[in-house]
Amino acid sequence: MHNQLKEKDIFDRMRAGEPIRKDDPGYNQFQQAVASTIRLSVALNASTDVDQVRERLSEITGMAIDGSTTVFPPFYTNFGRFITLGKNVFINHACSFLDMGGITIEDNVMIGPRVNLTSETHPLDPNARETVIPKPIVIRRNAWIGAAATILPGVTIGENAIVAAGAVVSRDVPANAVVAGIPAKVIKTNL
């Protein structure tokens, strides 16, 4: 008897960090998910209270957002299915989460206004540039991300760390560190 392995769908492959090309056989599924996220995002951003925002974001992510978590609209995401939010998370106005590579935000994280979390990138080769390379972002417990900071693909922000306003973070941030600048560098440790 021949054992056939079940083929992984496009979402499994994205979670595994595999590059995704526009000619991928599952790309249509991905496009449908994005179209759904766009529709739900309009409803989220038209919400008039934080409970409604939480409900719409739960629909976008496909998992219940804890009642202790607050997200102020507008909130932007291109996909939504790979966002995981812990308890007692606060996300201020006008944040953008590009989550095709996965974004995990643990408990008690504070995110300032206009923060960008980008968990996807593209090849340097111009002939392959339309390919998406997913790289997860993880923000550990009690971290604070300042206004207008940008966290780039594949970065982990350590527990209790602080990212200063306007910083561009391209490398992992150690626990209990403060980083600032472009590119972000450690300016203080052992808070």
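Residues numbered from 1 in each chain as written. Predicted model: local features only at pLDDT ≥ 70, side-chain atom pairs only at ≥ 80, totals over all residues. Heavy atoms only, no water.

## A word on helix H2 (residues 27-45)
Okay, step 1: An ideal rise of 1.5 Å per residue puts 27 Å on 19 residues; H2 measures up with 27 Å between its terminal C-alpha atoms.
Okay, step 2: Considering only its buried residues, H2 is in contact with helix H1 (10-15), helix H3 (50-61) and strand S2 (75-77). (Helix = DSSP H or I, 4+ residues; strand = E, 2+ residues; numbered from the N terminus. Expected span 1.5 Å × (residues − 1). Contact = heavy atoms within 4.5 Å.)

## Digging into the packing of aromatic side chains
Okay, step 1: Throughout the structure, instances matching the rule amount to six aromatic pairs.
Okay, step 2: Between phenylalanine 30 and phenylalanine 79, the aromatic rings sit 5.5 Å apart at their centres with planes inclined by 40°, giving tilted as the arrangement. Residue phenylalanine 30 is located in helix H2, and its partner phenylalanine 79 is located in the loop between S2 and strand S3 (83-85); the two are separated by 49 residues in the primary sequence.
Okay, step 3: Assessed through its relative accessible area of 6%, phenylalanine 30 is described here as buried.
Okay, step 4: Relative to phenylalanine 97, the ring of phenylalanine 75 has its centre 4.9 Å away and its plane inclined at 70°; by these criteria the two rings are edge-to-face. (Phe/Tyr/Trp six-rings, centres within 6.5 Å; stacked < 30°, edge-to-face > 60°. Buried < 20%, exposed > 50% of the residue type's maximum accessible area, 1.4 Å probe, protein only.)

## Re the nonpolar core
Okay, step 1: Membership of the largest hydrophobic core comes to 36 residues, with the highest contact counts inside it found for Phe97, Ile105, Ile111, Leu117, Ile139, Ile157 and Val169.
Okay, step 2: For this core, the elements supplying multiple residues, two or more each, are H2, H3, S3, strand S5 (95-98), strand S6 (103-105), strand S11 (137-139) and strand S17 (177-180).
Okay, step 3: Of all the elements, H3 adds the most residues to this core, at three residues.
Okay, step 4: For isoleucine 139, the residues in contact, after removing those within four places along its chain, are Thr104, Ile105, Glu106, Val109, Ile111, Leu117, Ile145 and Ile157.
Okay, step 5: If you look at the next biggest cluster of nonpolar residues, it comprises 12 residues, including Met14, Phe79, Phe82 and Met100. (Core = buried A, V, L, I, M, F, W, Y, C linked by side-chain atoms within 4.5 Å.)

## Let's talk about the sheet that holds S6
What links the strands of a sheet is backbone hydrogen bonding, and the strands pair in either a parallel or an antiparallel sense.
Okay, step 1: The parallel open sheet is built from four strands, whose spatial order is S3-S6-S11-S14. Edge positions in the open sheet fall to S3 and strand S14 (156-157), since each of these has one partner strand only.
Okay, step 2: Where S3 meets S6, three bridges bridge the pair, whose relative direction is parallel. In the strand pairing of S6, threonine 84 is matched with threonine 104. (Pairing = 2+ DSSP bridges.)

## Quick word on the environment of alanine 147
Okay, step 1: Considering the arrangement of structural elements, one finds alanine 147 in the loop between strand S12 (144-145) and strand S13 (150-151).
Okay, step 2: Residue classification places alanine 147 among the partly exposed residues on the basis of a relative accessible area of 25%.
Okay, step 3: Distance in space between the C-alpha atoms of alanine 147 and leucine 44 is 21 Å, their sequence separation being 103 residues.
Okay, step 4: Residues in contact with alanine 147, not counting those within four places in the same chain, are Gly112, Pro113, Arg114, Val115, Ala165 and Gly166.

## Things to note about the environment of phenylalanine 75
Okay, step 1: Within the element layout of this structure, phenylalanine 75 appears in strand S2.
Okay, step 2: Remark: the alpha-carbon pair of phenylalanine 75 and alanine 165, spanning 90 residues in sequence, is separated by 18 Å.
Okay, step 3: Not counting residues up to four positions away in its chain, the partners in contact with phenylalanine 75 are Leu44, Asn45, Leu57, Ile83, Ile91, Cys95 and Phe97.

## Quick notes on the pattern of salt bridges
Okay, step 1: Applying the stated criterion to the full structure yields eight salt bridges.
Okay, step 2: Of the charged contacts, one joins arginine 54 and aspartate 51 as a salt bridge, the two residues approaching to 2.6 Å between their closest N and O atoms. In this pair, arginine 54 and aspartate 51 both sit in helix H3, three residues apart, roughly one turn of the helix.
Okay, step 3: Owing to a relative accessible area of 12%, arginine 54 belongs among the buried residues under this scheme.
Okay, step 4: Its relative accessible area of 44% is what places aspartate 51 among the partly exposed residues.
Okay, step 5: The partner of arginine 140 in a salt bridge is glutamate 106, with the nearest N and O atoms 2.7 Å apart. Here the residue arginine 140 occupies a position in the loop between S11 and S12, and glutamate 106 occupies one in the loop between S6 and strand S7 (110-111), the gap between them amounting to 34 residues.
Okay, step 6: With relative accessibility at 34%, the residue arginine 140 sits in the partly exposed group.
Okay, step 7: Residues participating in the shared-partner salt-bridge network are Glu55, Arg56 and Glu59. (Salt bridge = Lys/Arg side-chain N within 4 Å of Asp/Glu carboxyl O.)

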